[in-house]
Structure formats: structure tokens, C-alpha cells
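Letter by letter, the chains look like this.
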Amino acid sequence: PFDSILAQCRDMFCERLASALSGMLDKSDEALSSLINESRDTEAQKLYRETLDKLHAQREMIETQFRARYLREFQQRSNRAKKIGGDLEDEDLPSIELALVGDDDLDETLKFNAMTARLRQYCDEELVALDQRVGVLFGDADLQPEDNPFTPQAICDAYKQTCSQVDSNVEVRMVLLKLFDEFVLDDIRGIYRAVNALLVQNSILPKLRGMGSARK
């Protein structure tokens, strides 16, 4: 029954996460058009136009890839929590070539890591509760936050991988990161609350250890 509950939570979480990304893409036209009109820097205007064109041309791919890559991140962490070994291979997901890390790549990684840290801090209350409840599903009372398949790291890693498929230009990917930061992050806290509520409905730790009452 715990596997079934986990699957319900995963499906709801993924669906709402995909919906938040779709909302970001809906808002990107107006957001990027405003930046183009407001900027006096011709290079910046060119970058915003290029990003807008990429989003128009590759929207379906972005939505499909993000969902698939998040589900892969989810499964990897679930396997680790269940002590199941082996790496996942998915022929439907384009491989990401390993290359020497340059300054731009390092800067991109640092910014994605910073976004992950902000998301974890913003959703701290929800995640503390979720770590405990998901630990019950895995039979691990000491489940580490990084092994929780709902961790912000899984979301941000999936988005970073998706962005790498959109464009090799790191500047375009940085604009995509800013859009995600602005239009998706706020929605994620509510999604975490919904997952906690679903777990409570299924009698998974209605009262949290050391907290006395349910957090949703």
C-alpha cells in the first residue's frame, strides 16, 4: 500500500509541477517582450528575442523533457532510499555530453545551486514534514533530505538538464533560469503542502515526531 501512496503523491506532484512550468511558458511572452522593450542594451534585447524564439519553437519539447527528467530524478532517489542499486537508462532522454567545465558552466551551476537553496529555505516547513512522511513510506525514519524524491534538488536538476537541451548558449539558459525562479518557485510551496495533505489523508504521520500536530 505504501508504494501505491507514493505513486499517487508522485503523479499529483508531477502533474502540478508540469502545470506550473506550463504557466511559466504562458507568461514568458509578456515577460520577455517587456524586457526587450525596457532594455536599452542591444545585446540584451537580442538575447531576450533569441530566448523567446527558442521557447516558441521548443515549448512542447521543454514540457515533455522536464516531466520525463523529473520522473527519472524521482525514480533514482526512490531506488536509493529503497537501497536498490543501478543507474537508470532512458533512450527517450537525450544524453548530456560531459565536457571540461568552463567559467560560464561553473557560474550556471552555482546559480542553479543557489536557486535550489532558496527553494529549500522557502519551503522548509513543508519539507521537514515531507521528509518524515516519505521516510515512513520507505521504512526509513532517518531518511536524508537529498534521498527524498520530492527534494528541490530533483526539481532543479531536471530543469537544468532540460535547459541544456534547449540551447548550448549559457546566456539563454540563464534567462530560462530567471523565468523559472520568477514564475515557478512560488507555486512549489503549495504543491508541497498538497502532497503533505494527501499523505495525512492516507494516515501517514498525521502527528509529526516532535511537532505534536500535522503540518500541511
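Residues numbered from 1 in each chain as written. Predicted model: local features only at pLDDT ≥ 70, side-chain atom pairs only at ≥ 80, totals over all residues. Heavy atoms only, no water.

### Things to note about the side chain of T151
By the secondary structure assignment, T151 is in the loop between α4 (124-138) and α5 (152-166). Apart from residues lying up to four places away in sequence, T151 is in contact with R77, R120, P145, E146 and Y192. (Helix = DSSP H or I, 4+ residues; strand = E, 2+ residues; numbered from the N terminus. Contact = heavy atoms within 4.5 Å.)

### So, the packing of aromatic side chains
For any pair of aromatic rings, the description consists of the separation of the ring centres together with the inter-plane angle of the planes. In the structure shown here, the tally under the stated rule is 9 aromatic pairs. The rings of F13, Y70, F74, F150 and Y192 are connected pair by pair, giving a single aromatic cluster. Taking the ring centre of Y122 as reference, the NZ or CZ of R189 above it sits at 5.0 Å. (Phe/Tyr/Trp six-rings, centres within 6.5 Å; stacked < 30°, edge-to-face > 60°. Lys NZ or Arg CZ within 6 Å of the ring centre and 35° of its normal.)

### A few points about the layout of surface pockets
Approximately 200 Å³ is the volume attributed to the second largest pocket. What lines the second largest pocket is simply A31, L32, L35, A44, L47, Y48, M174, V175, K178, L179 and E182. Those elements that place two or more of their residues in the lining of the second largest pocket are α1 (2-38), α2 (42-81) and α6 (170-183). With 5 residues, α6 is the largest single contributor of residues to the lining of the second largest pocket. (1 Å grid on protein atoms, 1.4 Å probe; cavity = no way out; pocket = protein on both sides within 12 Å on 5 of 7 lines; lining within 4 Å. Points joined across faces, edges and corners; volume = space filled by probe spheres on them.)

### Quick word on the environment of V166
Relative to the assigned elements, V166 resides in helix α5. Taking the relative accessible area as the measure of exposure, V166 reaches 5% and is therefore buried. Taking the C-alpha atoms as reference points, V166 and L55, separated by 111 residues in sequence, lie 8.3 Å from one another. Filtering out sequence-adjacent residues up to four positions away, V166 remains in contact with K54, Q58, M61, I62 and L176. (Buried < 20%, exposed > 50% of the residue type's maximum accessible area, 1.4 Å probe, protein only.)

### A closer look at α1
Relative to the 54 Å expected for 37 residues at 1.5 Å per residue, α1 spans 52 Å between its end C-alpha atoms, a close match to the ideal helical length. At S28, α1 shows its maximal bend, which comes to roughly 40°. (Expected span 1.5 Å × (residues − 1). Bend = angle between axes of the 7 residues up to and from the residue.)

### Quick look at a negative patch on the surface
A cluster of acidic residues, D41, E43, D104 and E171, forms a negative patch on the protein surface. Among the residues examined, E43 registers a relative accessible area of 54% and is labelled exposed. (Patch = residues over 30% accessible without salt bridge, like charges linked within 9 Å, V, L, I, M, F, W, Y side chains within 5 Å. Areas by Shrake-Rupley, 256 points an atom, 1.4 Å probe, with all protein chains shown as cover. Salt bridge = Lys/Arg side-chain N within 4 Å of Asp/Glu carboxyl O. Lys, Arg positive; Asp, Glu negative; His and termini not counted. Charge placed at Lys NZ, Arg CZ, Asp CG, Glu CD.)

### Section: the environment of K207
Following the sequence through the fold, K207 ends up in the segment after α7 (185-201). Judged by relative accessible area, K207 falls into the exposed class, the value being 62%. Remark: the alpha-carbon pair of K207 and A129, spanning 78 residues in sequence, is separated by 9.7 Å.

### Considering the packing of α2 against α6
Geometry of a packed helix pair, given as the angle between the helix axes and the separation of the axes. In the contact formed by α2 and α6, the axes pass within 11 Å of each other and the chain directions differ by 65°. Accordingly, the angle class assigned to the pair α2 and α6 is roughly perpendicular. α2 and α6 meet at a crossing whose hand is right-handed. Across the interface between the two elements, L47, Y48, E50, T51, L55 and F66 of α2 pack against E171, V172, V175, L176, L179 and F180 of α6. Looking at the contact of α2 with α6, its residues break down into 9 nonpolar, 1 polar and 2 charged. (Axes fitted to C-alpha atoms, helices over the stretch in contact; angles between N-to-C directions. Parallel < 35°, antiparallel > 145°, perpendicular 65-115°, else oblique. Left-handed = near helix turned anticlockwise from the far one by under 90°. Nonpolar A, V, L, I, M, F, W, Y, C, P; charged D, E, K, R; others polar.)

### A short note on the pattern of salt bridges
Oppositely charged side chains can pair when the atoms bearing their charge come close. One pass over the structure, following the stated rule, counts 15 salt bridges. With its nearest N and O atoms 3.4 Å apart, the salt bridge here joins D167 to K54. Highlighted residues: D167 in the loop between α5 and α6 and K54 in helix α2, separated in sequence by 113 residues.

### Focus on the nonpolar core
With 60 residues, the main nonpolar core has Y70, F150, I155 and F180 as its most contacted residues. Mapped by element, the contributors of at least two residues to this core are α1, α2, α3 (103-122), α4, α5, α6 and α7. With 14 residues, α1 is the single largest residue contributor to this core. Residues within four places of I155 in sequence aside, it is in contact with F13, L17, F66, Y70, L119, F150, F180, I188 and Y192. (Core = buried A, V, L, I, M, F, W, Y, C linked by side-chain atoms within 4.5 Å.)

Function cannot be inferred from these measures alone, as they are strictly geometric.
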